[in-house]
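Analysis of the macromolecular model
Listed below, chain by chain, are the residues.
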Amino acid sequence: MKLQQITPHIYWVAPAEETDRPLLGAVVGEQSILMVDAGNSPDHAQQFLKLLKQYNFSLPEYVALTHWHWDHVFGAQALNATLIAHYETTRKLQEMSQLSWRDKALDQRVEDGTEIEFCRDHMKIELSDRQRAQIKIRIPELSFEEQLTLDLGSLTAQIIHVGGDHSADSSIVFIPEESVVFLGDSIYDSIYETPRHYTAQKIFPLLEKLLSLKAAYYLDGHSGQPMLFAELEAFTEYLKTISQCVSGNPADLAAIKNALSKALARELNEEDLEYIENFLNGL
Ligand SMILES: [Zn+2]
């Protein structure tokens, strides 16, 4: 793990795919530090604190959770900071605090359809059965409905609820003074509501809202590379093109592929086909 600096007061650590560790962020104000997401295990959170210490930073005073998914919240018990989340995230965490995360319980929930294989499998790689027996889901001390603004000292962080297909409780963290947005997983497709999908009704208003912030950098939860404004704009246009091709020919996959290939002026690749399927599933 390596702490990277993106602007004078913002640092981040890249995600790790093998165990589904998400990107973690630190917004360093003159008075206090806000950590973005708590990590997928106490170990993940502690490693992040260690990196902050190497830079002589103090411990984070606040942690903002972008949504309730395990990989963003399991680290919270290792953090001695005020936990902040949207009230729907808090409600989900209250439910999760009643559950066992041990092998038997997890396997049973996958069988029952209340947990998904992808998360179960990565949880098992990140944490042993014994470590999962020690997981205590922390309930946020501060919950908000639309937006919460923190004054970190010469720097503000706006935690804004944005929803979306990935998770209805998704929130972003916007730091206007540094022109940076932490996206969490908000721009991804649904994973818990299967089949995986995007709906035009949810994803496009969300992307428009993100673009309206006109930030220089957008950091999404599972990508190792910050997105520039122009890249988010291009991604939005790309998804719009796919959505239009899908809704124009909803019952004819060949026609969708034809229309998209023509609109993009190239042959389609695996990723294009996945997005087509996502939008079809969302209809
Ligand atoms: Zn997620």
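Residues numbered from 1 in each chain as written. Predicted model: local features only at pLDDT ≥ 70, side-chain atom pairs only at ≥ 80, totals over all residues.

**Structural notes on the overall build of the protein chain**
Helices and strands together make up the secondary structure of the protein chain, namely 10 helices and 13 strands. The C-alpha atoms of the protein chain give a radius of gyration of 19 Å, which matches the 19 Å a tight globule of 283 residues would have. Along the three orthogonal principal directions, the C-alpha set of the protein chain runs to about 55 × 45 × 35 Å. Within the protein chain, buried positions represent 43% of all 283 residues. Taking the contacts inside the protein chain whose residues are at least 6 apart along the sequence as the reference set, 59% of them involve residues at least 24 apart. (Helix = DSSP H or I, 4+ residues; strand = E, 2+ residues; numbered from the N terminus. Rg over C-alpha atoms; globule rule 2.2 N^0.38 Å. Buried ≥ 20, exposed ≤ 12 C-beta atoms within 10 Å, placed from the backbone. Contact = placed C-beta atoms within 7 Å.)

**Examining the nonpolar core**
Grouped together as the largest cluster of nonpolar side chains are 73 residues, with contacts concentrated most on Val-27, Leu-34, Val-63, Ala-64, Val-173, Val-181 and Tyr-218. When residues of this core are assigned to domains, at least three map to each of domain 1 (3–225) and domain 2 (240–282). If near-sequence neighbours (up to four positions away) are discounted, Val-63 is found in contact with Met-35, Ala-38, Ala-76, Leu-79, Ala-81, Leu-83 and Ile-84. (Core = buried A, V, L, I, M, F, W, Y, C linked by C-beta atoms within 7 Å. Domains from an automatic or database assignment.)

**Overview of the sheet that holds strand β13 (residues 227–228)**
In spatial order, the strands read β8-β9-β10-β11-β12-β13; together these six strands make up an open sheet with mixed pairing. The open sheet has two free edges, formed respectively by β8 (147–151) and β13, since each of these has just one partner strand. Judged from the two bridges that link them, strand β12 (residues 217–220) and β13 form a sheet pairing that is antiparallel. In the strand pairing of β13, Tyr-218 is matched with Met-227. (Pairing = 2+ DSSP bridges.)

**Structural notes on helix α1 (residues 42–54)**
Over its 13 residues, α1 extends 19 Å from the first C-alpha to the last, a length consistent with the 18 Å expected when each residue adds 1.5 Å. Residues of α1 that are buried in the fold lie against β2 (10–13) and β3 (24–28). Among the residues trailing α1, Asn-56 stands out with phi positive, at a value near 65°. (Expected span 1.5 Å × (residues − 1).)

**Here we look at unusual backbone geometry**
Cis rather than trans, the peptide bond between Thr-194 and Pro-195 has omega equal to -5°. Backbone geometry at Asp-20 places phi at a positive 60°, although glycine is not the residue there. In this structure, Asp-20 sits in the loop between β2 and β3. A residue is classified by how many C-beta atoms lie within 10 Å of it, and Asp-20, with 21 of them, is buried. Despite not being glycine, Ser-154 has its phi angle at roughly 60°, a positive value. Structurally, Ser-154 can be placed in the loop between β8 and β9 (156–161).

**Points about the pairing of β3**
The two faces of the sheet receive side chains in turn, since in a regular strand these alternate between them. For β3, a buried count of five out of five residues is recorded, marking the element as mostly surrounded by other parts of the structure. Alternating residues of β3 divide into Leu-24, Ala-26 and Val-28 and Gly-25 and Val-27, and every residue in both groups is buried. Sheet topology note: the β2/β3 ladder contains four bridges and is antiparallel. When the bridges of β3 are listed, Val-13 appears paired with Leu-24. Of the pairings in the sheet, the one linking β3 to strand β4 (residues 33–36) comprises four bridges and is antiparallel in character. Paired with Val-27 across the bridge in β4 is Leu-34. The antiparallel hairpin formed by β3 and β4 contains four residues in its connecting segment.

**Quick notes on the pairing of β4**
Covered by surrounding structure in β4 are Ile-33 and Met-35 together with Leu-34 and Val-36, the residues of both alternating faces. In the sheet, β4 pairs with strand β5 (residues 62–64) via three bridges, with the strands oriented parallel. Following the sheet pairing, Val-36 is matched in β5 by Ala-64. Remark: the β4/α1/β5 crossover connection has right-handed handedness. (Right-handed = clockwise from strand over helix to strand, strands pointing away.)

**What about the environment of Gly-248?**
Relative to the helices and strands, Gly-248 resides in helix α8 (residues 229–248). The exposure class assigned to Gly-248 is exposed, which follows from the 11 C-beta atoms found within 10 Å. Between the alpha carbons of Gly-248 and Leu-152 there is a distance of 48 Å; along the sequence they are 96 residues apart.

**Considerations on the domain arrangement of the protein chain**
Looking at the protein chain, the domain boundaries give domain 1 (3–225) and domain 2 (240–282). Relative placement of domain 1 and domain 2: their C-alpha centres are 31 Å apart. Each residue belonging to the side of domain 1 that touches domain 2 can be placed in one class, and the counts come to four nonpolar, two polar and two charged. (Nonpolar A, V, L, I, M, F, W, Y, C, P; charged D, E, K, R; others polar.)

**Observations concerning helix α10 (residues 270–282)**
Spanning 13 residues, α10 covers 19 Å between terminal C-alpha atoms, matching the ideal 18 Å at 1.5 Å per step. For α10, the set of buried residues is Tyr-275, Asn-278, Phe-279 and Gly-282. All buried residues of α10 fall inside an arc of 90° around its axis, so they share one side. The secondary structure elements touched by the buried residues of α10 are α8. (Arc of directions from axis to C-beta.)

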